[in-house]
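Residues per chain, in single letters:
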Amino acid sequence: MATVTAYIRTKAKRADRVYVRFRVSDGTTQLYHRSKIEIEPDVWDPKKQEIKSRVPYDSTKRAKFDNAVSDRKKLIRSIYDANPGLNSKTLDLKIDQELNPRKYKLDKGALTYFEIFDEFLNQHNVSEGRKAHFRVLKRSLQRYELYKRVKLDIDTIRKDQLSDIKNFLRDEPNVYEERPEIYKMVPESKKPRPRGYNYLVSMMKLYRTFCLWLVRSKLTHNNPFENYSIDAERYGTPIYITIKERNHLYNYDLSSRPGLAIQRDIFVFHCLVGCRVGDLFSLKKNSVIDGAIEYVARKTKDERPDTIRVPLNTIALEILEKYKDTESDKLLPFISEQNYNLDIKEMFEIAGLTRIVTVLNTHTREEEKLPLNKVASSHMARRTFIGNLYKQVKDPNLIGSMSGHKEGSRAFARYRDIDEDMKQDLVKLLE
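The numbers attached to residues start from 1 for each chain and follow its sequence in the written order. The predicted nature of this model means local features are confined to residues of pLDDT at least 70 and side-chain atom pairs, given and counted, to a pLDDT of 80 or more, with totals for whole chains, interfaces and linings taken over all residues. Values reported for side chains reflect all heavy atoms of the structure, with hydrogen atoms and water molecules removed beforehand.

### Quick look at the overall build of the protein
Part 1 of the argument: A tally of helices and strands in the protein yields 16 helices and ten strands.
Part 2 of the argument: A contact between two residues is defined here by any heavy atoms of the two lying within 4.5 Å. If you take every contact in the protein between residues at least 6 apart in sequence, the share linking residues at least 24 apart comes to 59%.
Part 3 of the argument: When the accessible surface of the protein is summed, it comes to about 25100 Å², and 49% of that surface belongs to carbon and sulfur atoms. Secondary structure elements are defined from DSSP: runs of H or I of at least 4 residues count as helices, runs of E of at least 2 residues count as strands, and each element is numbered from the N terminus. The accessible surface values rely on the Shrake-Rupley method and a 1.4 Å probe; as for residues, cover is taken only from the protein chains in view.

### As for unusual backbone geometry
For residues besides glycine, phi is generally negative; the peptide bonds are generally trans as well.
Part 1 of the argument: Here the phi dihedral of Arg149 falls at roughly 55 degrees; this positive angle occurs in a residue that is not glycine.
Part 2 of the argument: Among the secondary structure elements, Arg149 is positioned in the loop between helix H4 (128-148) and helix H5 (159-178).
Part 3 of the argument: With a relative accessible area of 66%, Arg149 lands in the exposed category. To sort residues, take the accessible area from a 1.4 Å probe on protein chains only and compare it with the maximum for the residue type: under 20% means buried, over 50% means exposed, and anything in between is partly exposed.

### Examining the sheet that holds strand S6 (residues 288-289)
Part 1 of the argument: Two strands are said to pair when DSSP picks up at least two bridges between them. Taking strand neighbours across the sheet as the criterion, the three strands line up as S6-S7-S8 in an open arrangement whose pairing is antiparallel. Where the open sheet ends on each side, the last strands, each with one partner, are S6 and strand S8 (307-311).

### Concerning the packing of aromatic side chains
Part 1 of the argument: Two rings from Phe, Tyr or Trp (for Trp, the six-membered ring) form a pair when their centres are within 6.5 Å of each other. A pair whose planes differ by under 30 degrees is stacked, one over 60 is edge-to-face, and the rest are tilted. Per the stated rule, a full pass over the model turns up 18 aromatic pairs.
Part 2 of the argument: Seen in terms of ring centroids, Trp44 and Phe65 are 6.1 Å apart; in terms of plane orientation they differ by 90 degrees. Their pairing is edge-to-face. Of this pair, Trp44 sits in strand S4 (residues 44-45) while Phe65 sits in helix H1 (residues 59-82); the two residues are 21 residues apart in sequence, bridging distant segments of the chain. As far as burial versus exposure is concerned, Trp44 and Phe65 are alike and both buried.
Part 3 of the argument: An aromatic cluster is present here, built from Tyr113, Phe114, Phe117, Phe120, Phe134, Tyr207, Phe210, Trp213, Phe225 and Tyr228 joined pairwise through their rings.
Part 4 of the argument: Here, a charge over a ring is recorded when the distance from Lys NZ or Arg CZ to the ring centre is within 6 Å and its angle to the ring normal is within 35 degrees. Taking NZ or CZ as reference, Arg23 lies 5.1 Å from the ring centre of Tyr7, over its face.

### As for the pattern of salt bridges
Part 1 of the argument: One side-chain nitrogen of Lys or Arg within 4 Å of one carboxyl oxygen of Asp or Glu is enough to make a salt bridge. Using the criterion set out here, one finds 19 salt bridges in the structure.
Part 2 of the argument: Here Glu145 and Lys151 are joined by a salt bridge, their closest N and O atoms 3.8 Å apart.
Part 3 of the argument: For Lys151, a relative accessible area of 70% translates into the label exposed.
Part 4 of the argument: Residue Glu172 is joined to Arg195 by a salt bridge in which the shortest nitrogen-to-oxygen separation is 2.8 Å. Pair noted here: Glu172 is in helix H5 and Arg195 is in the loop between helix H6 (180-185) and helix H7 (197-216), with a separation of 23 residues, a long-range link.
Part 5 of the argument: Glu172 sits in the buried class, given a relative accessible area of 0%.
Part 6 of the argument: Residue Arg195 is classed as buried on the basis of its relative accessible area of 17%.
Part 7 of the argument: Three or more residues joined by partner-sharing salt bridges are found here, namely Arg139, Arg143, Glu172, Glu188 and Arg195.

### Here's the deal with the nonpolar core
Part 1 of the argument: For our purposes a nonpolar core is just a set of buried Ala, Val, Leu, Ile, Met, Phe, Trp, Tyr and Cys residues, chained together by side-chain atoms within 4.5 Å. Among the nonpolar cores identified, the biggest contains 48 residues, and Phe267, Phe269, Leu280, Leu332, Phe348 and Leu372 are the most heavily contacted of them.
Part 2 of the argument: Take this core: its biggest share by element is nine residues, from helix H9 (residues 258-273).
Part 3 of the argument: In contact with Phe267, other than residues within four places in its own chain, are Ile241, Leu249, Tyr340, Ile344, Met347, Phe348, Ser377 and Ala381.
Part 4 of the argument: In this structure, Ile157, Leu162, Phe168 and Met203 belong to the second largest nonpolar core, which totals 35 residues.

### A few points about the packing of helix H8 (residues 243-251) against H9
Part 1 of the argument: Axis separation between H8 and H9 bottoms out at 9 Å; the angle between their running directions is 155 degrees. As the angle between them shows, H8 and H9 are arranged roughly antiparallel. In terms of crossing hand, the pair formed by H8 and H9 is left-handed. In contact with Arg246, Leu249 and Tyr250 of H8, H9 contributes Arg264, Asp265, Phe267, Val268, Cys271 and Leu272.
Part 2 of the argument: Class assignment of the residues belonging to the contact of H8 with H9 gives a composition of six nonpolar, no polar and three charged. The axes are straight lines fitted to the C-alpha atoms, using for helices just the contacting stretch, and the angles between their N-to-C directions are given from 0 to 180°. Reported orientations rely on four angle classes, namely roughly parallel under 35 degrees, roughly antiparallel over 145, roughly perpendicular from 65 to 115, and oblique for the rest. Two helices crossing with the near one rotated counterclockwise from the far one by less than a right angle form a left-handed crossing, whereas a clockwise rotation gives a right-handed crossing. Each residue is assigned to one of three groups, with Ala, Val, Leu, Ile, Met, Phe, Trp, Tyr, Cys and Pro labelled nonpolar, Asp, Glu, Lys and Arg labelled charged, and all others, Gly among them, labelled polar.

### Re H1
Part 1 of the argument: Under the convention used throughout, the expected extent of a helix is 1.5 Å for every residue step, that is, one less than its residue count. Taking 1.5 Å per residue, 24 residues should reach 34 Å; H1 reaches 34 Å between its end C-alpha atoms and fits that length.
Part 2 of the argument: Among all positions in H1, only Arg62, Phe65, Asp66, Val69, Arg72, Lys73, Leu75, Ile76, Ile79 and Tyr80 are buried.
Part 3 of the argument: Looking at the buried side of H1, the elements it contacts are strand S1 (3-8), strand S2 (18-25), strand S3 (30-39), S4, strand S5 (50-51) and helix H2 (88-99).

### Comments concerning the packing of H9 against helix H11 (residues 314-322)
Angle between the axes and distance between the axes: these two values describe a pair of packed helices.
Part 1 of the argument: With their axes 9 Å apart at the nearest point, H9 and H11 run at an angle of 140 degrees to one another. Once H9 is placed against H11, the crossing between them reads as left-handed. Packed against H9, whose contacting residues are Asp265, Val268, Phe269 and Leu272, the element H11 presents Ile315, Ala316, Ile319, Leu320 and Lys322 at the interface.
Part 2 of the argument: Each residue belonging to the contact of H9 with H11 can be placed in one class, and the counts come to seven nonpolar, no polar and two charged.

### Thoughts on the environment of Phe281
Part 1 of the argument: With respect to the helices and strands, the residue Phe281 is situated in helix H10 (residues 277-282).
Part 2 of the argument: In the structure, Phe281 is positioned 54 residues away from Ile335 in sequence and 8.6 Å away in space, judged by C-alpha atoms.
Part 3 of the argument: With residues near it in sequence (within four places) discarded, Phe281 still touches Phe334, Ile335, Ser336, Glu337 and Tyr340.

### Remarks on the side chain of Gln263
Part 1 of the argument: Within the secondary structure layout, Gln263 lies in helix H9.
Part 2 of the argument: Residue Gln263 is classed as buried on the basis of its relative accessible area, which comes to 4%.
Part 3 of the argument: Residue contacts for Gln263: discarding those within four places in its chain leaves Pro333, Ile335, Tyr340, Asp343 and Met347.

### Brief notes about the sheet that holds S3
Part 1 of the argument: Taken in spatial order, the three strands of this open sheet run S1-S2-S3, and their pairing is antiparallel. Strands at the two margins of the open sheet, each flanked by one partner only, are S1 and S3. Averaged over all pairs of adjacent strands, the angle between strand axes in this sheet comes to 25 degrees, irrespective of strand direction.
Part 2 of the argument: Both S1 and S2 contribute to a ladder of six bridges, which runs antiparallel. Bridge assignment links Val4 to a residue of S2, and that residue is Val24.
Part 3 of the argument: Here H1 sits on the sheet in contact with S1, S2 and S3, set at roughly 155 degrees to S3.
Part 4 of the argument: Each of S2 and S3 is contacted by H2, which is oriented at about 45 degrees to S3, the strand it contacts most.

If you want it as structure tokens, here you go:
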């Protein structure tokens with residue numbers, strides 16, 4: 001059972017008054033909340049978590065303070081019990097919503113559709129990366145209004161309009177050619193490219209999240225997604241390189257291309273730690289602790305701010321030793337993600353990693369045969385880390401503790417189909 005403790009923190013220079021802080025602990029998790037309840041440090045009783053009983057103090061103010069601390073404890077405990085998986089940031093938000101409900105009550109009549117969307121983003125506790133995806137959706141919806149010459153309304157949008165929005169998302173590259181002025185009014189950093197099936201599914205799921213929030217916030221009773229079905233994303237079998245191929249790449253002579261050799265070393269190191277490319281680029285020299293890489297995954301830091309620790313093997317340590325004297329505090333001499341991906345394709349081609357693989361075309365959803373170097377990317381390093389470990393140890397939770405996947409992640413289900421050696425052994429049982 002969780003316990004809630006009140007405490008104060010004072011700096012070396014004595015303060016006249018300090019804020020009361022609260023710590024929630026259940027034995028495995030600790031959350032923190034700094035309140036606006038103030039007290040003089042000299043009168044605080046840390047054991048009883050109230051004003052010292054023997055200190056002369058105005059009785060009314062004493063009762064008000066002690067009650068405020070007690071009430072905040074009860075509030076924190078009730079929020080914690082009702083919301084599994086909280087973090088400190090979410091706890092602060094939930095407390096503020098309880099204490100200041102008017103602050104979170106929107107007047108839909110005074111706000112436009114997209115001002116309400118902005119309020120949703122302000123109140124929705126997700127990572128900045130995920131908020132960026134929501135903002136992409138918002139801009140597409142703004143262009144949809146301009147193209148269709150309609151006004152979106154939270155009370156009147158219906159199921160058939162959702163299909164129209166999905167079609168617009170799919171056809172935006174054509175809309176860009178037909179009505180370029182729309183993209184001057186609501187610009188994007190890049191020209192729209194053809195969008196695959198999974199992209200459309202993910203955008204519609206984001207839109208559903210917004211519409212469900214509108215209902216939960218009692219801004220409308222209209223839920224256009226109530227009878228609207230969103231298909232699941234579809235992925236092919238994960239493509240990754242074997243340990244033998246990885247070692248071949250690492251040992252391949254690229255002395256004539258020193259810049260490419262550096263990025264080759266980074267890719268091999270990436271294969272050995274398995275993090276997302278954004279986390280890889282954020283690693284510093286001080287990320288290495290006692291022979292392991294430690295970091296908090298940016299994608300899940302708001303929902304699950306767990307420290308991921310990946311022990312480094314001999315090759316990984318050898319690569320770090322090679323670049324230990326670089327002037328930057330970055331772990332390795334990284335370049336831009338785009339150029340990193342281009343270099344990966346080139347190093348694969350030069351090293352002869354060009355075997356034919358079967359992949360799923362994200363636009364046509366049909367299989368196609370391509371050389372390995374054409375599908376190689378930074379994400380292949382992550383798949384290589386997971387896939388080769390999964391062939392040895394069929395425990396997704398153990399591997400997930402090093403890759404940053406949450407327990408029960410569906411991503412691991414796709415790795416059950418890729419062990420060709422195991423398949424060969426199985427069919428021999430039929431002989």
